[in-house]
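# Commentary on secondary and tertiary structure
As a plain string of letters, each chain reads:
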Amino acid sequence: MSLHNRQVAGVTAGLLVAVSVYSAVLGSNGWLWFGWTVLLLACVALFAVRS
C-alpha cells in the first residue's frame with residue numbers, strides 16, 4: 001500500500017472519529033454523515049484503482 005493511500009485512509013478514519021464524537025456530544029447531523037460517506041466511497045475507489 002502506498003504512502004498516499006495510507007494517508008487518505010488515515011484522514012478518513014480520523015474524520016469518522018470526529019463525526020462520531022460530534023454526533024455523540026451535539027447530536028447527529030445528516031450532512032456530516034453524508035460527507036463522510038462520500039469520502040469513504042472516494043477512499044474505496046482510490047484503493048480499487050491504485051491497488
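Residues numbered from 1 in each chain as written. Predicted model: local features only at pLDDT ≥ 70, side-chain atom pairs only at ≥ 80, totals over all residues. Heavy atoms only, no water.

## Let's talk about helix H1 (residues 3-26)
The first and last C-alpha atoms of H1 sit 34 Å apart over 24 residues, in line with the 34 Å expected at 1.5 Å per residue. Residues of H1 that are buried include every one of Asn 5, Thr 12, Val 19 and Ser 23, and no others. Contacts made by the buried residues of H1 are with helix H2 (30-50). (Helix = DSSP H or I, 4+ residues; strand = E, 2+ residues; numbered from the N terminus. Expected span 1.5 Å × (residues − 1). Buried < 20%, exposed > 50% of the residue type's maximum accessible area, 1.4 Å probe, protein only. Contact = heavy atoms within 4.5 Å.)

## Observations regarding the packing of aromatic side chains
Here the structure, examined in full by the defined rule, presents two aromatic pairs. Their ring planes at 90° and their centres at 5.8 Å tell us that Trp 31 and Phe 34 sit as a pair that is edge-to-face. Of this pair, Trp 31 and Phe 34 both sit in helix H2, three residues apart, which is roughly one turn of that helix. Where Trp 33 meets Trp 36, the ring centres are 6.4 Å apart and the plane angle is 75°; that geometry is what we call edge-to-face. On the criterion of helical spacing, the pair formed by Trp 33 and Trp 36 is a turn pair, its members being three residues apart in helix H2. What makes Trp 33 partly exposed here is its relative accessible area of 29%. On the basis of relative accessibility, which here comes to 15%, the residue Trp 36 falls in the buried class. (Phe/Tyr/Trp six-rings, centres within 6.5 Å; stacked < 30°, edge-to-face > 60°.)

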